[in-house]
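Report on the structure
Residues per chain, in single letters:
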Amino acid sequence: MNYLDFEKPLAEIEGKAEELRAMARGNKEMDIEAEAKALDKKAADMLADLYKSLTPWRKCQVARHPDRPHCRDYIEALFTEYTPLAGDRNFADDHAIMGGLARFNDRPVVVIGHEKGHDTKTRIERNFGMARPEGYRKAVRLMDLADRFNMPVITLVDTPGAYPGKGAEERGQSEAIARSTEKCLQIGVPLVSVVIGEGGSGGAVAFATADKVAMLEHSIYSVISPEGCASILWKDGAKMREAAEALRLTAQDLEKLGVCDRIIKEPLGGAQRDRKATIKRVGEGIEALLSAMDGKSRDDLIAGRRRKFLDMGSKGLAA
């Protein structure tokens, strides 16, 4: 278990309980179960207290936890007959974006998502979930395919933002993001998006301009990272806590603002503490959102999606 900074007191208690049990395994005559159970209860109480009212900055930390389930984990657990499709038919295949044809509860769908990787090798290969232009162009190609064959699109968002490197800019990063966002508004099939970790900037919007947007309880969705915001506004990246408060980037804030349509509850202590339960709840959330759109015509879907985002802007979300 990787512990976050604010979980260090919890790590000490859980570590002591595990030490006692390890000693007992080495010496069968030792009876430490009562002490270990007391430590377990203390740890459970502390965990509940820590997660009872997380600050926005702590939610950012939880959303970035390396042990949270990633796009690949959701695809392997929730989808069958997954057939990955690669490349943008122009330049290359971007491994930060996974996507392809699959079945979700025996319903043919197209699934697309950001994949961060799970260890050093795969994180480098996946560019930490930061897509280049060819990743967004691949997504556009997949959405066109879904539209042609009348298959719902499911997107899984988990990115710090689009990759800001020189090569990406030279190949039209902003244009590729804009085209992907535009395609989200144009397709005549149901589009459901789930923010499973970080929803960062245009890199997230390019997948989340959806009929329905769900967010995991401790995920975040924002126009900029707290560190980036603090560097711009205060010229001091250390003010990320203040920036996280001001950005209103939590699922709870975004539900009030009308950006998030559904919050998917995480296990106590975050998705990383019970990956299977989290994935199961995400699957149930996706099914509920897709079912709510059953029977809607192509024209109704496109008009409703456009109306949703136009209304969002007219309300003034900064109020």
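Because the structure is predicted, anything quoted here is derived from the model rather than measured. (Residues numbered from 1 in each chain as written. Predicted model: local features only at pLDDT ≥ 70, side-chain atom pairs only at ≥ 80, totals over all residues. Heavy atoms only, no water.)

Description of empty space enclosed by the protein
For clarity, the cut-off: Put simply, the grid is 1 Å and covers the protein atoms alone, a cavity is a trapped set of points that fit a 1.4 Å probe, a pocket is an open set with protein on both sides within 12 Å along at least five of seven lines, and lining residues have an atom within 4 Å of a point. Grid points are joined across faces, edges and corners, and a volume is the space filled by probe spheres set on the points. Secondary structure follows DSSP: runs of H or I at least 4 residues long count as helices, runs of E at least 2 residues long count as strands, and numbering of each begins at the N terminus.
A full pass over the atoms with the stated rule returns one cavity of 30 Å³ or more. Of the volumes computed, that of the largest cavity is approximately 70 Å³. Elements supplying a minimum of two residues to the lining of the largest cavity: strand 5 (191-200) and strand 7 (220-222). The dominant element in the lining of the largest cavity, judged by the number of residues it contributes, is strand 5, at three residues.

Quick word on the nonpolar core
Short version of the rule: By nonpolar core is meant a set of buried Ala, Val, Leu, Ile, Met, Phe, Trp, Tyr and Cys residues that side-chain atoms within 4.5 Å join together. Only protein chains enter the area calculation, which uses a 1.4 Å probe; residues under 20% of their type maximum are buried, those over 50% are exposed, and those in between are partly exposed. Here a residue-residue contact requires only that any non-hydrogen atoms of the pair lie within 4.5 Å.
With 35 residues, the main nonpolar core has Ile 112, Tyr 136, Val 153, Phe 207 and Tyr 221 as its most contacted residues. Among the secondary structure elements, those contributing two or more residues to this core are strand 3 (107-114), helix 6 (133-148), strand 4 (153-159), helix 8 (173-186), strand 5, helix 9 (201-208), strand 6 (212-216) and helix 12 (251-257). Examining the composition of this core, we find that five residues originate from one element, helix 6, more than from any other. Beyond its immediate sequence surroundings of up to four residues, Val 153 is in contact with Val 110, Ile 112, Met 143, Ala 146, Ile 187, Val 189, Pro 190, Leu 191 and Val 192.

Things to note about the pairing of strand 3
Operational definition: Here, any two strands with at least 2 DSSP bridges between them count as paired.
Counting buried positions along strand 3 yields six of eight residues, so the element is predominantly enclosed. Taken together, the eight bridges between strand 2 (residues 97-104) and strand 3 define a ladder with antiparallel strand orientation. The partner of Ile 97 across the bridge, within strand 3, is His 114. Taken together, the four bridges between strand 3 and strand 4 define a ladder with parallel strand orientation. In the sheet register, Gly 113 faces strand 4, and the bridge partner there is Leu 156.

Some remarks on helix 13 (residues 275-291)
We apply this condition: For a helix, the expected span equals 1.5 Å multiplied by the residue count minus one.
Across its 17 residues, helix 13 extends 24 Å between first and last C-alpha, which sits within 8% of the 24 Å expected from 1.5 Å per residue. Listed in full, the buried residues belonging to helix 13 are Ala 277, Thr 278, Ile 279, Val 282, Gly 283, Gly 285, Ile 286, Leu 289 and Leu 290.

Description of the state of the cysteines
Put simply, the rule reads: The definition used for a disulfide is geometric: two cysteine sulfur atoms within 2.5 Å.
What the rule picks out here adds up to zero disulfides. Its sulfur unpaired, Cys 71 is 15 Å from the next cysteine sulfur, which belongs to Cys 184. The class for Cys 71 is buried, based on a relative accessible area of 0%. Between Cys 260, a free cysteine, and Cys 60, which holds the nearest cysteine sulfur, the sulfur-to-sulfur gap is 15 Å. Assessed through its relative accessible area of 4%, Cys 260 is described here as buried.

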